[in-house]
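# Summary of the model geometry
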Amino acid sequence: MDKATLALLIHGGTENWSPARWKRRFDEVCRDRRVWLLPEGQGDPADVHYAAVWKPAPGELAAFPNLRVIFNLGAGVDALMADKSLPKVPLVRVAVGDLTHRMTEYVVLHVLMHHRQELYLRASQREKRWQPKFQWPAAAIGVGIMGLGTLGSDAADVLRRLGFRVAGWSNTPKAIEGVECFHGKEELDAFLQRTDILVCLLPLTADTRHILNRGLFAKLNRAGPMGAPVLINAGRGGLQNEADILHCLDDGTLGAASLDVYAVEPLPPDSPFWTHPKIVLTPHNAADTDPDEISRYVAQQIERFEAGGALQNVVDPARGY
Ligand code: NDP
Ligand code: OXD
């Protein structure tokens, strides 16, 4: 056990974030390394060189004076970026095929659900109503993906292959086969105007907070076969103005919404989102990080780093993602 210690700080609170389960996986892939599950910690904080974390409390990581790398056990690092005392060491995030494909499943599921009028059809079934409506083809629908990074670009490619007219919006210019690419604030309106189903896979940063608001929804295409545009947000709750979503669903600016993330999580029991007939809600599980896959990913990165190699998927603190 002469290798530097890895500390686990996991505060998810749901089944996938069971700290004991993550500890077992890390013990298996780091056999010759001490793995401490904190805060039950046992040793000297100075021994900790690596930390693998999910939603650590602000200030928690500052307790390790010899930290070399922080591994975030998810893709989004907004919670860590908000910690003013975060040690100034490389922060590595998750960008792996397993997580990406889970998110693409979620996005495709929800795009198809709205495109194929599932809310109407399920209500018809409950009411024993045999009244099919006209079903338009996928090519009639413009899907616009905010965020063309690891997750957005994969979802865009699969949706394009299903026949949707796919566009994406990012910070910097992109070229993706068959996807109309927009970037920067100047091109946001043009992107929105051709979008019937808006999918948000942005990171939460100072620039993107509350970007999903009434002003933005009002610029989406209203002339498509769906009648009113649809919002799908699996990025972060802080990206959305929740009062605006409710108003826009109620006055018809939006036709429906699929939401996976919320300003406050777990979503409080008195949130109107739970029972809103135009909202399809999931409990922040669009794309779970799998303990088997991600413990291996972290262990491999540490081995490579200790052998003098470069870390992968390092966050740029200036951009915040
Ligand atoms: P990436 O960093 O790979 O991609 C982020 C994309 O957003 C990039 O294309 C980037 O542009 C774009 N972007 C960032 N800021 C802006 C801006 N101000 N204006 C325009 N575009 C912007 O992240 P991932 O794709 O891996 O993940 C995206 C987010 O998904 C995560 O941050 C996380 O919040 C969320 N997530 C949610 C999960 C869930 O279960 N609900 C699971 C996993 C992730 P550019 O390429 O030019 O830099
Ligand atoms: C993530 C998430 O960021 O699960 O990976 O939200």
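Residues numbered from 1 in each chain as written. Chains lettered and ligands numbered in written order. Predicted model: local features only at pLDDT ≥ 70, side-chain atom pairs only at ≥ 80, totals over all residues. Heavy atoms only, no water.

This next bit is on the side chain of Asp 244. Checked against the element boundaries, Asp 244 lands in helix H8 (residues 242-250). Buried charge Asp 244 goes without a salt bridge, the closest partner of opposite sign being Arg 214 at 5.1 Å. Setting aside anything within four residues of it in sequence, one finds Asp 244 in contact with Asn 213, Arg 214 and Phe 217. (Helix = DSSP H or I, 4+ residues; strand = E, 2+ residues; numbered from the N terminus. Buried < 20%, exposed > 50% of the residue type's maximum accessible area, 1.4 Å probe, protein only. Lys, Arg positive; Asp, Glu negative; His and termini not counted. Salt bridge = Lys/Arg side-chain N within 4 Å of Asp/Glu carboxyl O. Contact = heavy atoms within 4.5 Å.)

On to the sheet that holds strand E12 (residues 279-281), then. The strand order across the open sheet formed by 7 strands is E8-E7-E6-E9-E10-E11-E12, and the pairing between neighbours is parallel. The outermost strands of the open sheet, each flanked by one partner alone, are strand E8 (180-183) and E12. Each strand of the sheet is rotated relative to its neighbour by a mean of 15°, with strand direction disregarded. Of the pairings in the sheet, the one linking strand E10 (residues 230-233) to strand E11 (residues 256-259) comprises 4 bridges and is parallel in character. Bridging across to E11, Asn 233 finds its partner in Leu 259. Sheet strands in contact with helix H3 (residues 97-115) are strand E6 (142-146), strand E9 (197-200), E10, E11 and E12, and its direction is about 165° off that of E11. Across the sheet, helix H5 (residues 150-161) touches E6 and strand E7 (165-170), and the angle it forms with E6 is around 170°. (Pairing = 2+ DSSP bridges. Axes fitted to C-alpha atoms, helices over the stretch in contact; angles between N-to-C directions.)

The next thing to look at is the site of ligand 1. Residues in close proximity to ligand 1 total 29 residues, the closest being Arg 93, Thr 172, Lys 174, Asp 260 and Tyr 321. Between an oxygen atom of ligand 1 and a main-chain N or O atom of Thr 150, the distance comes to 2.9 Å. Look at ligand 1: alone it shows 940 Å² of surface, and the protein chains cover 93% of it. At the level of secondary structure, the elements contributing two or more residues to the shell around ligand 1 comprise H5 and E7. For the shell around ligand 1, the class distribution of residues is 13 nonpolar, 10 polar and 6 charged. Two domains share the shell around ligand 1, each providing at least three of its residues, namely domain 1 (3-96 + 289-306) and domain 2 (100-281). (Near = heavy atom within 4 Å. Polar contact = N/O pair within 3.5 Å; in protein donor to acceptor, adjacent residues only side chain to side chain. Areas by Shrake-Rupley, 256 points an atom, 1.4 Å probe, with all protein chains shown as cover. Nonpolar A, V, L, I, M, F, W, Y, C, P; charged D, E, K, R; others polar. Domains from an automatic or database assignment.)

This model, assessed by the stated rule, comprises 19 salt bridges. The closest approach of N and O atoms between Lys 219 and Asp 189, which form a salt bridge, is 3.3 Å. One end of the pair, Lys 219, is in the loop between helix H7 (214-217) and E10; the other, Asp 189, is in helix H6 (residues 188-193), with 30 residues separating them in the sequence. You can call Lys 219 partly exposed: its relative accessible area is 40%.

What follows deals with the domain arrangement of the chain. Taken as a whole, the chain is organised into domain 1 (3-96 + 289-306) and domain 2 (100-281). In this structure, domain 1 and domain 2 have C-alpha centres spaced 32 Å apart. Domain 1 puts 8 residues into the contact, and the matching count from domain 2 is 6 residues. Three residues stand out in domain 1 for area buried against domain 2, namely Asp 78, Val 96 and Asp 290, and they jointly supply 57% of the buried area on that side. Connecting domain 1 to domain 2 are 2 salt bridges. Across the pair Asp 290 and Arg 102 runs a salt bridge, and its minimum N-O distance is 3.9 Å. At the junction of domain 1 and domain 2, the tally comes to 3 residue pairs in polar contact (both at pLDDT 80 or more). Of the residues belonging to the side of domain 1 that touches domain 2, the class tally is 3 nonpolar, 1 polar and 4 charged. (Buried area = accessible area lost by both parts, 1.4 Å probe.)

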